[in-house]
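# A look at the structure
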Amino acid sequence: MFLNSKLKNTIQKAKIISFDIFDTLLLRSFLEPKDVFLALEKAENCPEFFKYRSEAEPKAWEKLVSSTKDDVTLDEIYDQMPSHMQHMKEKEIAFESEHLFLNPEMYDVFEYALSQGKQVIICSDMYLPSESLKHLLAKRLNSNQFKLYVSADYGKRKHTGRLFEHVISDLQVKPSDILHIGDNMQSDVIIPKSKGINAVHYQKPSDVLLKDHHIKSFLDQNNTLESRTFLACMNILYQHAIPQIEDDYWKRFAFLYGGPLVYTYTQFIKEQAQSDNITDICFVARDGYVLKQIFDLINDNANIKSHYMYAPRFTNTLSYLDLGTNERVFERQNVLVNFLKSQGVNIKDINELDKYQKELRYFSDLERQEYEKYIASLNLGEKPCVVDSVSGSFSAQKLVAKVLNMPNLIGYYWKTFEQTPEKEVIRKMYYPHKCRLGTYHIHELFMSAPERPIHRILNNKPVYKKDISKYEQIKIDLYPKLEKSMMFFATLLHQLKLDFKPDCQIIFDWMNSFIENADAIDFKHFKKIKNGADQSHSRYEDVLPAKSKKAPFFKKVLSNKFIYQKRINSKGVLKAKIFKIPVYIKQPNKGKKK
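Residues numbered from 1 in each chain as written. Predicted model: local features only at pLDDT ≥ 70, side-chain atom pairs only at ≥ 80, totals over all residues. Heavy atoms only, no water.

### Notes on the overall build of the protein
As a reminder, the rule being used: Here a strand is any run of E in DSSP of at least two residues, a helix any run of H or I of at least four, and the numbering for each starts at the N terminus. When accessible area is computed with a 1.4 Å probe and restricted to protein chains, residues below 20% of their type maximum are described as buried, those above 50% as exposed, and intermediate ones as partly exposed. Contact definition: two residues touch when any of their heavy atoms are within 4.5 Å. For the area figures, the Shrake-Rupley method with a 1.4 Å probe applies, and any residue is considered shielded solely by the protein chains shown.
When you go through the protein residue by residue, the secondary structure sums to 23 helices and 18 strands. For the protein, with 594 residues in total, the buried portion stands at 52%. Of all intrachain contacts in the protein linking residues separated by at least 6 positions in sequence, the fraction that spans at least 24 positions is 70%. Just so you have it, the protein exposes about 29,100 Å², and 49% of that area is on carbon and sulfur atoms.

Following this line, the structure appears as structure tokens:
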């Protein structure tokens, strides 16, 4: 915390508290100053604006050589711009204002200074008009109890010390009466101290964030305008969240990584639903739990209703005896066998399923009727859709489509693994095939719910699985903390009205910067976090695979057996099929030759 007892004591000793603006009182949603011009060129579709704007400022500075001024104004900069660029001056002022946000940490210092009866001034080396800055500051600070000194107004800069000299003269005070706070070591600390002014260095928030090696790796590998803008927005959000998340690993992790992932996917859902004229969005449990909450937060279309809908795989399997065509056929057959056994049917194994078709049909009809009643209770409109996270068999979408008799029912997915023909399942996917994620388990940690896996629906209510593994329980117990942080992220983003629209590639690069740079602390926390790797949740895999794990070396053939093989090709696409292949055993490592 920057406002500690030491700083409070320092403030109490001063008569006047002076603040820098950029990266101190206010934070830009751009990481570097040049990004403002690059983004403005793109936003206004004004080719070569960045080129002309970057060249104009040095030209304006050259004209100061014979002048007593040591700073330029925005008007003087635009005097060096071609005539067809003059309209961009007002747009630049407006654009800067739209992308400047309050720094909550420094706002606490500002409020404390006022509460102690101190006079507050704000000093900045800036070419923007002071009236625009004053209006913006009053709006962001919710106060006009400050005096503003902008270098462009006086032709004097902090960097040369002349602006500080002007402040001392204007206020008719001793230099030692002033305490200045800012992020630039030269302009905000060394120079004012050389003038007899007390100064406190405030570390630039984005520099603090970049001390996290996961985040620094992201910037090192993705130093583009889009990536820098994303990081600047994350910096603003993080500054608002620090008091709530900094002391808890999982809260911080969910805010930094779960927040962007689920928010951008929900943005995709919202845009697609509006484009497709959807009346009802059915967020499939459990993956849709937090997605629905975020959608309800950001949805501004009263014509779209949201529902948290249960669509258990078991219900699809039994209601329509849908065994599918992929590697889970045997698994689903066993699900039916176990169900018949639980109902008192004396069936031995999947080889006897044909023998008990009559019983199977009876229970299938009952299950279907129960689910039809449940769907009817949702009162869906004329054009619903389903939302899930990842799917290969599309069981939820198929189930709802059959119940509603809507073969054209649309499904929205974060990712799909199986290339089911579009004529069979109409779906739209957030995750383009060109993107690659280091582990596909990590999204399931965020897109989950604080409830047990659902077995079936009875009397319009979910029937939860009774026996769950310790790994499921660990995730269920952890999820409220993750959910709270992700909702906090979404709420902040919604309140601040940040222009936060990173593309999918940036989100995946951001996630991979964590996955690929996981350290001992990360592995310690993820040690017991595992995801179910099959429909029955009988097999679990690490959410964050250890880097040191390598595929075992197999050599000797034991037998031939039908097994399911999964491989991820170089493009990150998972290929899957059932093979009849040799089964091997691991050979003991032979010692190195001495």
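### Structural notes on the nonpolar core
Our working definition: Think of a nonpolar core as a cluster: buried Ala, Val, Leu, Ile, Met, Phe, Trp, Tyr and Cys residues, connected wherever their side-chain atoms sit within 4.5 Å.
Among the nonpolar cores identified, the biggest contains 81 residues, and Phe253, Tyr265, Ile281, Tyr412, Trp414 and Phe526 are the most heavily contacted of them. With 14 residues, the top contributor of residues to this core is helix α14 (residues 249-275). Residues contacting Tyr265, with those up to four places away along its chain left out, are Leu291, Val387, Asp388, Ser389, Tyr412, Tyr413, Trp414, Tyr430 and Met447. Counting 55 residues, the second largest nonpolar core, distinct from the first, contains Ala60, Met85, Tyr107 and Leu137.

### Let's talk about the sheet that holds strand β5 (residues 147-150)
Formally: Strands qualify as paired when DSSP identifies two bridges or more between them. Fitting a line to C-alpha atoms yields each axis, with helices limited to the stretch in contact; the angle taken between N-to-C directions then spans 0 to 180 degrees.
One open sheet accounts for 5 strands, arranged β5-β4-β1-β6-β7; its pairing is parallel. Where the open sheet ends on each side, the last strands, each with one partner, are β5 and β7 (198-201). Strand-to-strand, the axes of this sheet are offset by a mean angle of 20°, without reference to chain direction. The strands touched by helix α7 (residues 130-141) are β4 (119-124) and β5; relative to β5, the strand with the most contacts, the crossing angle is about 140°. The sheet contacts of helix α10 (residues 185-194) involve β6 (178-182) and β7, and relative to β7 the element is tilted by about 155°.

### Focus: empty space enclosed by the protein
Here is the rule: Only protein atoms enter the 1 Å grid used here. Points where a 1.4 Å probe fits but cannot escape make up a cavity, open sets with protein on both sides within 12 Å along at least five of seven lines make up a pocket, and a residue lines them when an atom lies within 4 Å of a point. Grid points are joined across faces, edges and corners, and a volume is the space filled by probe spheres set on the points. For this classification, the nonpolar set comprises Ala, Val, Leu, Ile, Met, Phe, Trp, Tyr, Cys and Pro, the charged set comprises Asp, Glu, Lys and Arg, and every other residue, Gly included, is treated as polar.
Applying the stated criterion across every chain yields a total of 1 cavity of 30 Å³ or more. There is about 40 Å³ of room inside the largest cavity. Around the largest cavity, the lining residues are Ile93, Glu96, Ser97, Leu100, Leu128, Ser132, Leu133 and Leu136. Residue classes in the lining of the largest cavity are distributed as 5 nonpolar, 2 polar and 1 charged.

### Observations regarding the sheet that holds strand β9 (residues 305-309)
Taken in spatial order, the 5 strands make up an open sheet running β9-β8-β10-β11-β12, and their pairing is parallel. The sheet terminates laterally at β9 and β12 (426-429), the two strands that pair on one side only. Between one strand axis and the next, the sheet turns through 30° on average, direction left out of account. Judged from the 4 bridges that link them, strand β11 (residues 410-416) and β12 form a sheet pairing that is parallel. When the sheet's bridge partners are listed, Ile410 is paired in β12 with Ile426. Packed onto the sheet, helix α15 (residues 289-298) meets β8 (280-284), β9 and β10 (384-391) and runs at close to 165° relative to β9. Together, β8, β9, β10, β11 and β12 form the strand contacts of helix α19 (residues 395-404), whose direction differs from that of β10 by roughly 160°.

### Some words on the packing of helix α12 (residues 213-221) against helix α22 (residues 504-515)
Convention followed: Roughly parallel refers to an angle under 35 degrees, roughly antiparallel to one over 145, roughly perpendicular to one between 65 and 115, and oblique to any angle outside these ranges. Working rule for handedness: look at the near helix, and if it is turned counterclockwise from the far one by less than a right angle, call the crossing left-handed; if clockwise, right-handed.
Where α12 meets α22, the axes come as close as 8 Å, and the angle between the chain directions of the two elements is 135°. When the axis of α12 is compared with that of α22, the two are oblique. Helix-helix and strand crossings are classified by hand; for α12 and α22 the assignment is right-handed. Contacts between α12 and α22 involve His214, Ile215 and Phe218 from the former and Ile506, Asp509, Trp510, Ser513 and Phe514 from the latter. The residue inventory of the contact of α12 with α22, partitioned by class, reads 5 nonpolar, 2 polar and 1 charged.

### Notes on the packing of aromatic side chains
Selection rule: In summary, the pairing rule links any two rings of Phe, Tyr or Trp, Trp by its six-membered ring, whose centres are within 6.5 Å, and it sorts them by plane angle into stacked for under 30 degrees, edge-to-face for over 60 and tilted for everything else. Placement of a positive charge over a ring is assigned whenever Lys NZ or Arg CZ falls within 6 Å of the ring centre and within 35 degrees of the normal to the ring plane.
All told, the structure shown has 42 aromatic pairs when counted by the stated rule. Taking 6.4 Å as the distance between ring centres and 75° as the angle between the ring planes, the aromatic pair formed by Phe37 and Phe49 counts as edge-to-face. Taken together, the positions of Phe37 in helix α2 (residues 33-43) and Phe49 in helix α3 (residues 49-62) put the pair 12 residues apart, joining distant regions of the chain. Relative accessible area serves as the criterion here: at 9%, Phe37 is assigned to the buried category. Residue Phe49 is classed as buried on the basis of its relative accessible area of 0%. Residues Tyr249 and Phe253 carry aromatic rings whose centres are separated by 6.2 Å and whose planes lie at 10° to one another, so their mutual orientation is stacked. Of this pair, Tyr249 and Phe253 both sit in helix α14, separated by 4 residues, roughly a single helical turn. Overall, the relative accessible area of 4% leaves Phe253 in the buried class. The ring of Phe101 has Arg140 lying over it, and the distance from NZ or CZ to the ring centre is 5.6 Å. The positively charged end of Arg368 is found above the aromatic ring belonging to Tyr320, 5.7 Å away from the centroid.

### A few points about the layout of surface pockets
Computed from the structure, the second largest pocket encloses a volume of approximately 750 Å³. Taken together, 30 residues line the second largest pocket, and the ones lying closest to its centre are Phe22, Arg28, Pro33, Asp125 and Met126. Mapped onto the lining of the second largest pocket, the elements with two or more residues apiece are β2 (26-28), α2, α3 and α10. Split by residue class, the lining of the second largest pocket holds 10 nonpolar, 7 polar and 13 charged.

### Some details on the side chain of Asp20
Within the secondary structure, Asp20 is located in the loop between β1 (16-19) and β2. On the basis of relative accessible area, Asp20 is assigned to the buried category, the value being 5%.

### Description of the pattern of salt bridges
Close approach of charged atoms lets side chains of opposite charge pair. Here is the rule: The rule for a salt bridge is simple: a side-chain nitrogen of Lys or Arg has to be within 4 Å of a carboxyl oxygen of Asp or Glu.
A full pass over the atoms with the stated rule returns 27 salt bridges. Across the salt bridge formed by Arg28 and Glu96, the nearest N and O atoms sit 2.9 Å from each other. Here Arg28, found in strand β2, pairs with Glu96, found in helix α5 (residues 88-98); they are 68 residues apart in sequence, far enough to count as distant. Neither Arg28 nor Glu96 differs from the other in exposure class; each is buried. Between Asp170 and Lys147 there is a salt bridge; the shortest N-O distance is 2.8 Å. Here Lys147 lies in strand β5 and Asp170 lies in helix α9 (residues 162-171), a separation of 23 residues in the sequence.

### Comments concerning the confidence of the model for the protein
Here is the rule we go by: The pLDDT value tells you how sure the predictor is about a given residue, anywhere from 0 up to 100.
Of all residues in the protein, 89% have pLDDT values of 70 or greater, and the mean over the chain is 88. Here residues 548-594 scores under 50 on pLDDT; set against residues more than four positions off or in separate chains, the count is 65 contacts.

### A few points about α3
Stated formally: How far a helix is expected to stretch is found by multiplying one less than its residue total by 1.5 Å. The arc in question is the one traced by the directions running from the helix axis out to the C-beta atoms.
With 14 residues, α3 extends 20 Å from end C-alpha to end C-alpha; this agrees with the ideal 20 Å at 1.5 Å per step. Every buried residue of α3 is accounted for by Phe49, Arg53, Ala56 and Ala60. Taken around the axis of α3, the buried residues stretch over an arc of 60°, which confines them to a single face. Those residues of α3 hidden inside the fold are in contact with α2, α4 (74-78) and α5.

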